[in-house]
Amino acid sequence: MKYRTIGTGPQTRREVSVLALGAMWFGSATDEETSFAVLDRYVEAGGNFIDTSDNYAFWADGGQGGQSEELLGRWRRSRGVGDEIVIATKLGARPLAPGTSYTDNPEGLSAKVIREAAERSRERLGVAKLDLLYAHIEDHTVPLRETVEGFGELVAEGTVGLLGVSNHAVWRVERARALAAEAGLAGYEVLQYAHTHLRPRFDVPDGGLFPDGTLGHAGAELLSYLRAEPGLTLVAYSPLLKGAYTHPDRLPSDFDHPGTPARLAVLREVARETGATVNQVVLAWQIGAELPIVPLAGVSSVAQLEENLAAVDLELSAEQRARLDAAH
């Protein structure tokens, strides 16, 4: 395994594996035995960066979520896991009532919710301190300063280590970080957005969250922000597009545009040249990128995990990287 540093503060920064493991479906679609087997193998391989959320996976049973955090808590206790494993979780998008969703009834990012939701996550995970806590989705119903102060206070109290943000407009991320700096509080240092080798259309509205076009993908603006702020890290979710690289029928509609075939073609070329799978090339391209990117990949079997783990040691040449970057 290889590692990189997330965060900048000497008391809060952590060394994490360059491949993060997504636990979204653990405890719901992925049963406990399989989930435990995946987690055990990931740790055995040197992995130490696991991602979840307080609302995973509410849509599996029409509830409010929490199954993933609860399973991770059981796994931690059964294996005697301590703070050597970095578990990241999120709040803000948990439905307030069963049968509702984050689009129509989210918990939000008020100071009260932040404190109470973080406490519930600590209880489910069985930890005294949340290693990394994200603001999951935007909340325009409360002042941004209140959200910033709510998160910052938890870091100051020692119940949260690092702060992150997901699915927010870049201008709101920057404004929140400026407010935190002005107040002498911890700010967002990890950005979690969808990112893969294929490029989506950004003008396709997501009626539930983004009426003006998607803000959930890492586009040129976010990547340029990352380039300008070397203390930030991008955790790239859905790097393998939920299996679409091997099952083209699963390709989301916002990737259906003239630029996609060229990028798929070069991915397949590099896969043939290296003897790797297309999935492994995508992950290796992210892991070895100039920008600090940690791919976050979920799996439903140990076999899928083994394929992903092999990408850590896949070295792409400078020429191959140039081709992968330039294809359009």
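Refer to the structure presented above.
Definitions and cut-offs
- Residues numbered from 1 in each chain as written.
- Predicted model: local features only at pLDDT ≥ 70, side-chain atom pairs only at ≥ 80, totals over all residues.
- Heavy atoms only, no water.
- Patch = residues over 30% accessible without salt bridge, like charges linked within 9 Å, V, L, I, M, F, W, Y side chains within 5 Å.
- Areas by Shrake-Rupley, 256 points an atom, 1.4 Å probe, with all protein chains shown as cover.
- Salt bridge = Lys/Arg side-chain N within 4 Å of Asp/Glu carboxyl O.
- Buried < 20%, exposed > 50% of the residue type's maximum accessible area, 1.4 Å probe, protein only.
- Axes fitted to C-alpha atoms, helices over the stretch in contact; angles between N-to-C directions.
- Helix = DSSP H or I, 4+ residues; strand = E, 2+ residues; numbered from the N terminus.
- Parallel < 35°, antiparallel > 145°, perpendicular 65-115°, else oblique.
- Contact = heavy atoms within 4.5 Å.
- Nonpolar A, V, L, I, M, F, W, Y, C, P; charged D, E, K, R; others polar.
- Arc of directions from axis to C-beta.
- Left-handed = near helix turned anticlockwise from the far one by under 90°.
- 1 Å grid on protein atoms, 1.4 Å probe; cavity = no way out; pocket = protein on both sides within 12 Å on 5 of 7 lines; lining within 4 Å.
- Points joined across faces, edges and corners; volume = space filled by probe spheres on them.
- Expected span 1.5 Å × (residues − 1).

**Remarks on a nonpolar patch on the surface**
Right, so step 1: Judged by side-chain polarity, Met24, Trp25 and Trp59 come together as a nonpolar surface patch covering roughly 280 Å² of accessible area.
Right, so step 2: Assessed through its relative accessible area of 37%, Trp59 is described here as partly exposed.

**So, the packing of helix H9 (residues 278–287) against helix H11 (residues 318–326)**
Right, so step 1: Close contact between H9 and H11 brings their axes to 11 Å; oriented N to C, the two are set at 100°. Taken together, the axis directions place H9 and H11 in an arrangement best described as roughly perpendicular. On H11, the residues touching Val281, Ala284 and Trp285 of H9 are Arg321, Leu324 and Asp325.
Right, so step 2: Tallied by class, the residues present in the contact of H9 with H11 amount to 4 nonpolar, no polar and 2 charged.

**Regarding helix H7 (residues 220–228)**
Right, so step 1: Considered for burial, the residues of H7 that qualify are Leu222, Tyr225 and Leu226. Projected down its long axis, H7 shows its buried positions confined to an angular sector of 100°, all on one face. Exposed side of H7, more than 90 degrees from the buried face: Ala220, Glu221 and Ala228 are the residues found there.
Right, so step 2: Residues of H7 that are buried make contact with helix H6 (170–183), strand S8 (188–194) and strand S9 (233–237).

**Focus: the packing of helix H4 (residues 111–125) against helix H5 (residues 144–157)**
Right, so step 1: At a closest axis distance of 8 Å, the pairing of H4 and H5 adopts a crossing angle of 35°. Our pair here, H4 against H5, has a crossing hand that is right-handed. The residues of H5 that touch H4, namely those facing Ala111, Ile114, Arg115 and Ala118, are Glu146, Thr147, Gly150, Phe151, Glu153, Leu154 and Glu157.
Right, so step 2: Of the residues in the contact of H4 with H5, the class split is 5 nonpolar, 2 polar and 4 charged.

**A few points about the layout of surface pockets**
Right, so step 1: Taken as a whole, the second largest pocket holds about 490 Å³ of empty space.
Right, so step 2: Lining the second largest pocket are 25 residues, and of these His195, Leu223, Trp285, Leu291 and Asp325 lie nearest its centre.
Right, so step 3: When contributions to the lining of the second largest pocket are tallied by element, the ones reaching two or more residues are H7, H9 and H11.
Right, so step 4: No other element matches H7, which puts 4 residues into the lining of the second largest pocket.
Right, so step 5: Tallied by class, the residues present in the lining of the second largest pocket amount to 11 nonpolar, 8 polar and 6 charged.

**Re H6**
Right, so step 1: Here H6 is 14 residues long and its end C-alpha atoms lie 20 Å apart, about the 20 Å a rise of 1.5 Å per residue gives.
Right, so step 2: What H6 keeps buried is the set Val170, Arg172, Val173, Ala176, Leu179 and Ala180.
Right, so step 3: One or two steps after H6, the chain reaches Gly184, where phi turns positive at roughly 70°.

**Overview of the pattern of salt bridges**
Right, so step 1: The full count for this structure, using the stated rule, is 21 salt bridges.
Right, so step 2: In this structure, Lys2 and Glu315 form a salt bridge, with 2.8 Å as the shortest nitrogen-oxygen distance. In this pair, Lys2 sits in the segment before strand S1 (3–6) while Glu315 sits in the loop between helix H10 (302–310) and H11, placing the two residues 313 residues apart along the sequence.
Right, so step 3: Owing to a relative accessible area of 30%, Lys2 belongs among the partly exposed residues under this scheme.
Right, so step 4: Overall, Glu315 belongs to the exposed group, its relative accessible area being 57%.
Right, so step 5: A salt bridge links Arg201 to Asp203; the shortest N-O distance between them is 2.9 Å.
Right, so step 6: Each of the salt bridges in this network shares a partner with another, and the network as a whole consists of Glu269, Glu273, Glu319 and Arg323.

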